[in-house]
Amino acid sequence: MPLNDVTEDATERLLGPLHSEVLRSVVDRGCAPERRTLRSRLRCSAEELDRAFDRLVEIHGVVPHPGTRDVWVIHPFSLAPTPFVVDAGPRRWWGPCAWCSLGIAALVDEPCVITSTLGAGTEQVRLEIAEGRVDQGDLVVHFPIPMVKAWDNVIFTCSTMLLFRDRAEVAAWADRHHLPVGDIQPVAKVFEMAKVWYGQHLSPTWKKISIPEARAVFERLGFTHPIWHLPSEGSEF
């Protein structure tokens, strides 16, 4: 086997364990692990770690700060402040968006409280999650950016996935900010999707979801608005 093929295979084998180690540190400590910790736990060289991290970025498994290998976002967590604060006992995290914040609750699988505001404004709301259910089920989540364009600027895409009281409030917000009215889904339904999407992210055997797999999830759970349409073929979503 050519050396490049061996290197690529080794890199691919590291992706799941690396993703898992970073997420576990965020869950337990609220921050990404140090490089020396990752090298020790993964039993890899600095060069192998860099190659695996860069590949993780390439497949959208992690979002680094520009020009660095420092973690900015590893979905469903943001390591920079956002309008979504998720509390579970003494631990606290930031979620990049409403969907991700519900994903944090699904991932940690324990009672959580999500504190945010309607439309990233001044009216605060709280979602209490326990036993696989979310209160405030009358609130909705707005998805204005088509999923096929989500990774063109994923930080912006996430920043627009916000909580609202109802469709009229979404329409007024979208008009004010010159954004389209996209899909509007009940919080409880988005939580059910978050369970499927993020529930296994801590596994060392994690693999980035493919476009066909993402399409299947959306269709099975009833996310059929054009916002969710993806091409029939492609690589990781």
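Our structure is the block above this text.
Trainee: Whenever I open this one, the pattern of salt bridges confuses me. Can you help?
Mentor: If charged atoms from side chains of opposite charge come close, those side chains can pair. Within this structure, the stated rule accounts for 15 salt bridges. R126 is paired through a salt bridge with E128; the nearest N and O atoms lie 3.3 Å apart. The structure contains a network of salt bridges with shared partners spanning R35, D50, D54 and R69.

Trainee: Mind showing me how you'd approach the nonpolar core here?
Mentor: Nonpolar side chains tend toward joint burial in soluble globular proteins. Core analysis: the largest hydrophobic core is formed by 76 residues, its most contacted members being W99 and F218. When residues in this core are grouped by element, the largest group, nine residues, is from helix 4 (residues 98–108). When neighbours within four sequence positions are excluded, W99 is seen to be in contact with F143, M147, M161, V190, M193, A194, W197, Y198, F218 and W228.

Trainee: Is there a simple way to explain the packing of aromatic side chains in this structure?
Mentor: Two numbers describe a pair of aromatic rings. These are the distance of the centres and the angle of the planes. Applying the stated criterion across every chain, the model contains ten aromatic pairs. Taking 5.8 Å as the distance between ring centres and 70° as the angle between the ring planes, the aromatic pair formed by W99 and W228 counts as edge-to-face. Here the residue W99 occupies a position in helix 4, and W228 occupies one in the segment after helix 8 (211–220), the gap between them amounting to 129 residues. Aromatic rings pair up to connect W99, F143, W197, Y198, F218, F223 and W228 into one cluster.

Trainee: Teacher, can you tell me more about the packing of helix 2 (residues 35–42) against helix 3 (residues 46–58) here?
Mentor: How two helices pack is summed up by the angle between their axes together with the distance between the axes. Look at helix 2 against helix 3: their axes get within 10 Å of each other, and the N-to-C directions meet at 100°. Considering the angle they form, helix 2 stands roughly perpendicular to helix 3. Between helix 2, through R35, L38, R39 and L42, and helix 3, the contact on the second element is made entirely by A46, L49 and D50. Tallied by class, the residues present in the contact of helix 2 with helix 3 amount to four nonpolar, no polar and three charged.

Trainee: Honestly, the sheet that holds strand 11 (residues 183–186) in this entry has me stumped. Any pointers?
Mentor: The three strands are arranged 10-9-11 in an open sheet whose pairing can be described as antiparallel. Where the open sheet ends on each side, the last strands, each with one partner, are strand 10 (162–164) and strand 11. Averaged over all pairs of adjacent strands, the angle between strand axes in this sheet comes to 35°, irrespective of strand direction. In this structure, strand 9 (residues 140–143) lies alongside strand 11, joined through four bridges in antiparallel fashion. For V140, the partnering residue across the bridge sits in strand 11 and is P186. Taken strand by strand, helix 6 (residues 167–176) contacts strand 9, strand 10 and strand 11, and its axis lies near 130° from that of strand 10.

Calculation rules
- Residues numbered from 1 in each chain as written.
- Predicted model: local features only at pLDDT ≥ 70, side-chain atom pairs only at ≥ 80, totals over all residues.
- Heavy atoms only, no water.
- Salt bridge = Lys/Arg side-chain N within 4 Å of Asp/Glu carboxyl O.
- Core = buried A, V, L, I, M, F, W, Y, C linked by side-chain atoms within 4.5 Å.
- Buried < 20%, exposed > 50% of the residue type's maximum accessible area, 1.4 Å probe, protein only.
- Helix = DSSP H or I, 4+ residues; strand = E, 2+ residues; numbered from the N terminus.
- Contact = heavy atoms within 4.5 Å.
- Phe/Tyr/Trp six-rings, centres within 6.5 Å; stacked < 30°, edge-to-face > 60°.
- Axes fitted to C-alpha atoms, helices over the stretch in contact; angles between N-to-C directions.
- Parallel < 35°, antiparallel > 145°, perpendicular 65-115°, else oblique.
- Nonpolar A, V, L, I, M, F, W, Y, C, P; charged D, E, K, R; others polar.
- Pairing = 2+ DSSP bridges.

Everything listed here is a matter of geometry and, on its own, says nothing about what the molecule does.
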